[in-house]
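Here is how the chains run, residue by residue.
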Amino acid sequence: MLQDPVDFEWSYWIEWGRERILWLLAGHVLVSQVSRLFVEKYKPWCLMVYGMAACWLLLGIKGFAVILLHATISFAVAQFQLSLLTWLCSLILLSTLRIPAVEEAKRKWYDTENEYYLLLFTVSVRCLFCTSFSLEYCWHGTAQKSSHSFLWMLAYVFYYPTFHNGPLMNFDEFSKQMRRKEAFSLKTNLSILIVGIIRIFFWWCLAELMIHLMYIHALYSSAPPLEAASYWALGGLALAQVLFFYVKYLVLYGVPALILQMDGLKPPALPCCVSLMHSFTKMWRLISVKSLITLLICRFAYRYIYVPMGGSQSSLLGTLFSTALTFAFVSYWHGGQSYLWYWGALNWLGVIVENSVKRMLSISLIQDLI
C-alpha cells in the first residue's frame, strides 16, 4: 500500500533512524550502562566523548567543527555574565544558518541534501542548548564555576540522545541529574527498556497506519479537495493532522526519553493527547509540561524569554510584550518565513483574547450575572 509522502519530517527521521541514528543510540546505551556499572564518577565524560565521536561520524569533521565553534563562542561570551550579550550572540549564531553564501558552502561538504539538512537541524537545536548553558551561567555567576565549566558545557551540548532533534533539558536540570549518585540495577534498566520499546513500537505502528490510510498531508497540499470539502470535513482534517503530529512526536521524543531514563535522568514529559486540551493558553504554558506545544522550543522560550521579561507577573503591557517576544523568537527559530510570523501573530492573538475573556469573567458583577 502506498503511503502519504508529504510529511517530510516523519519520512526524514524514520529514514535516518533506520540507517544510522538508532544504531548510534544503541551504542550510547551500551556506553552508558557500562560506565554506570564500572566508572560512575566518569559517566558524563564517557558520554561526552561518545557524543563527539557520533557527531564526527554522522556530520564529518567540518560539521563537528561548526558545533564545537558555536559552543566555544557561546562560552566565551557567557564569561561577561550579561544576559543581553548572550542573547545577542545566540541570535547572531542562529542567523548564520540563513546566510545564502554560508548555506551553499555547507551544502558542498556533503553528497546529499539529507546530510546537509541533518547538519542544519542539529546546529539549530544545539543553538538552544548553548543558549541555555550561557544564560544559566550568567544567572548563577562565579559561585558555581566548577559546575559551569567548559567541559560541562561540552558534556551537555554533545549528549547524544537529544543531539539531533531534542527534546530540550535546561542545563541546570541536566547537570544536577548527571551528578546525582543513585543505585544502579541492570535488571531494572532492562525492564524499563523492554516496556519502553513495546510502547514506542505501538506508537510507530499507529503513525504508520495513519500515513498509509489517511493521506492527511496529501489532501492539505492540494487546493481542489479542500475547496470542495464542507466546514465539518475541514475541521475533521485539521483535527486529524494535529493528532498525527501528536503521535509522531510520541515516537520522535519517546526514543530519546527512554534512553534518558536508562541513563538515570528524568526526561521532559511526553505530550498528552491534544484532544484533552480545552484551554488555548494552557497549550503554551510550561506549567502544563505535558502539552504538545511545549516539547522543545516553547519550553525553552518560556523559561528564558517569557519569565525573565516579567510574564504574567508584570503589567498588562508587560505581559503583552513578553508574550509577543516569546512567539517572535519561536517563529524566528523555526526559519522566520512569512507564514511563521503569521502563525506566531495568530497564536499571540489567541492567548491575548483568552486571557482578556478570563479577566472579564473574573469581575464580580459579571460573575453575579452568570
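Residues numbered from 1 in each chain as written. Predicted model: local features only at pLDDT ≥ 70, side-chain atom pairs only at ≥ 80, totals over all residues. Heavy atoms only, no water.

- The protein is annotated in an unreviewed UniProt entry as HHAT palmitoyltransferase from Steatornis caripensis.
- Note on the protein: under the UniProt heading Sequence similarities (unreviewed entry), the record states "Belongs to the membrane-bound acyltransferase family. HHAT subfamily."
- UniProt, in its Subcellular location (unreviewed entry) section for the protein, records the words "Endoplasmic reticulum membrane". (UniProt positions renumbered as here; feature names shortened; annotations may be inferred.)

**Some words on the overall build of the protein**
1) Next: Along the protein, the regular secondary structure elements total 16 helices and 0 strands.
2) Next: Computed over its C-alpha atoms, the radius of gyration of the protein comes to 22 Å, within 12% of the 21 Å expected for a compact globule of 370 residues.
3) Next: Taken over the C-alpha atoms alone, the protein extends approximately 65 × 55 × 50 Å along its principal axes.
4) Next: Burial analysis of the protein (370 residues in total) assigns 47% to the buried set.
5) Next: Expressed as a percentage of contacts within the protein between residues at least 6 apart in sequence, the contacts between residues at least 24 apart total 72%.
6) Next: Total accessible area on the protein stands at roughly 18900 Å², and carbon and sulfur atoms take up 70% of it.
7) Next: Taking the average place of the 27 positive charges on the side chains of the protein and the average place of its 20 negative ones, the gap between the two points comes to 11 Å. (Helix = DSSP H or I, 4+ residues; strand = E, 2+ residues; numbered from the N terminus. Rg over C-alpha atoms; globule rule 2.2 N^0.38 Å. Buried < 20%, exposed > 50% of the residue type's maximum accessible area, 1.4 Å probe, protein only. Contact = heavy atoms within 4.5 Å. Areas by Shrake-Rupley, 256 points an atom, 1.4 Å probe, with all protein chains shown as cover. Lys, Arg positive; Asp, Glu negative; His and termini not counted. Charge placed at Lys NZ, Arg CZ, Asp CG, Glu CD.)

**Some words on the environment of serine 32**
1) Next: Locating serine 32 in the fold gives a position in helix α1 (residues 8–38).
2) Next: Considered as a pair, serine 32 and proline 308 are 276 residues apart in the sequence and their alpha carbons are 35 Å apart.
3) Next: Contacts of serine 32, omitting those with residues within four sequence positions, involve Leu47, Met262 and Asp263.

**Points about the side chain of histidine 148**
1) Next: Its location among the elements puts histidine 148 in the loop between α5 (113–140) and α6 (150–157).
2) Next: For histidine 148, a relative accessible area of 2% corresponds to the buried category.
3) Next: Ignoring any residue separated from it by four or fewer positions in sequence, one finds histidine 148 in contact with Phe75, Phe133, Glu136, Tyr137, His140, Phe171 and Asp172.

**Section: the packing of helix α3 (residues 83–95) against helix α14 (residues 316–333)**
1) Next: Axis separation between α3 and α14 bottoms out at 11 Å; the angle between their running directions is 30°. By the angle between their axes, α3 is roughly parallel relative to α14. Contact residues: α3 offers Trp87, Leu91, Leu94 and Ser95, while α14 offers Phe329, Tyr332 and Trp333.
2) Next: By residue class, the composition of the contact of α3 with α14 is 6 nonpolar, 1 polar and no charged. (Axes fitted to C-alpha atoms, helices over the stretch in contact; angles between N-to-C directions. Parallel < 35°, antiparallel > 145°, perpendicular 65-115°, else oblique. Nonpolar A, V, L, I, M, F, W, Y, C, P; charged D, E, K, R; others polar.)

**Thoughts on the pattern of salt bridges**
1) Next: All told, the structure shown has 6 salt bridges when counted by the stated rule.
2) Next: A salt bridge links glutamate 104 to arginine 107; the shortest N-O distance between them is 3.9 Å. A residue pair is termed a helical-turn pair when its members lie 3 or 4 positions apart in one helix, as glutamate 104 and arginine 107 do in helix α4 (residues 100–107) at 3 residues.
3) Next: The partly exposed category is assigned to glutamate 104, whose relative accessible area is 44%.
4) Next: Across the salt bridge formed by arginine 303 and glutamate 136, the nearest N and O atoms sit 2.7 Å from each other. Highlighted residues: arginine 303 in helix α13 (residues 297–306) and glutamate 136 in helix α5, separated in sequence by 167 residues.
5) Next: Residue classification places glutamate 136 among the buried positions, given a relative accessible area of 0%. (Salt bridge = Lys/Arg side-chain N within 4 Å of Asp/Glu carboxyl O.)

**Quick notes on unusual backbone geometry**
1) Next: For the peptide bond that leads from glycine 166 to proline 167, omega is 5°, which places it in the cis range.
2) Next: Phi is positive for glutamine 81, which is not a glycine, with a value near 55°.
3) Next: As for its position among the elements, glutamine 81 is in the loop between α2 (43–78) and α3.
4) Next: With a phi angle near 55°, tyrosine 215 is a residue other than glycine that sits in the positive phi range.
5) Next: Looking at where tyrosine 215 falls in the secondary structure, it is placed in the loop between α8 (186–213) and α9 (216–220).

**Overview of α8**
1) Next: With 28 residues, α8 should reach 40 Å at 1.5 Å per residue; the first-to-last C-alpha distance of 40 Å fits that figure.
2) Next: Within α8, the full set of buried residues consists of Asn189, Gly196, Ile200, Trp203, Ala207, Glu208, Met210, Ile211 and His212.
3) Next: Among the structural elements, α1, α11 (231–252) and α12 (254–262) are those in contact with the buried residues of α8.
4) Next: Positioned one or two residues after α8, tyrosine 215 has a phi angle of 55°, which is positive. (Expected span 1.5 Å × (residues − 1).)

**Regarding the side chain of serine 331**
1) Next: Of note, serine 331 is situated in helix α14.
2) Next: The buried category is assigned to serine 331, whose relative accessible area is 1%.
3) Next: Separated by 3.1 Å, the side chain of serine 331 and the backbone oxygen of leucine 340 make a polar contact.
4) Next: Discounting chain neighbours no more than four positions away, the residues touching serine 331 are Gly336, Leu340, Trp341, Trp343 and Gly344. (Polar contact = N/O pair within 3.5 Å; in protein donor to acceptor, adjacent residues only side chain to side chain.)

**A look at the environment of valine 31**
1) Next: Among the secondary structure elements, valine 31 is positioned in helix α1.
2) Next: According to the relative accessible area criterion, valine 31 is partly exposed, its value standing at 27%.
3) Next: Through-space distance from the C-alpha of valine 31 to that of isoleucine 194 is 18 Å; in sequence the pair is 163 residues apart.
4) Next: In this structure valine 31 touches Cys46, Leu47 and Tyr50, once residues within four positions along its chain are discounted.

**Description of the packing of α2 against α6**
1) Next: Across the interface, α2 lies against α6 with an axial gap of 9 Å and an inter-helix angle of 110°. Considering the angle they form, α2 stands roughly perpendicular to α6. Of the two elements, α2 crosses α6, and the hand of that crossing is right-handed. Within the contact between the two elements, α2 uses Pro44, Trp45, Met48, Met52, Ile67, Leu68, Ala71, Thr72, Ser74 and Phe75 and α6 uses Phe150, Leu151, Trp152, Met153, Leu154, Ala155 and Val157.
2) Next: Classifying every residue of the contact of α2 with α6 by side-chain character gives 15 nonpolar, 2 polar and no charged. (Left-handed = near helix turned anticlockwise from the far one by under 90°.)

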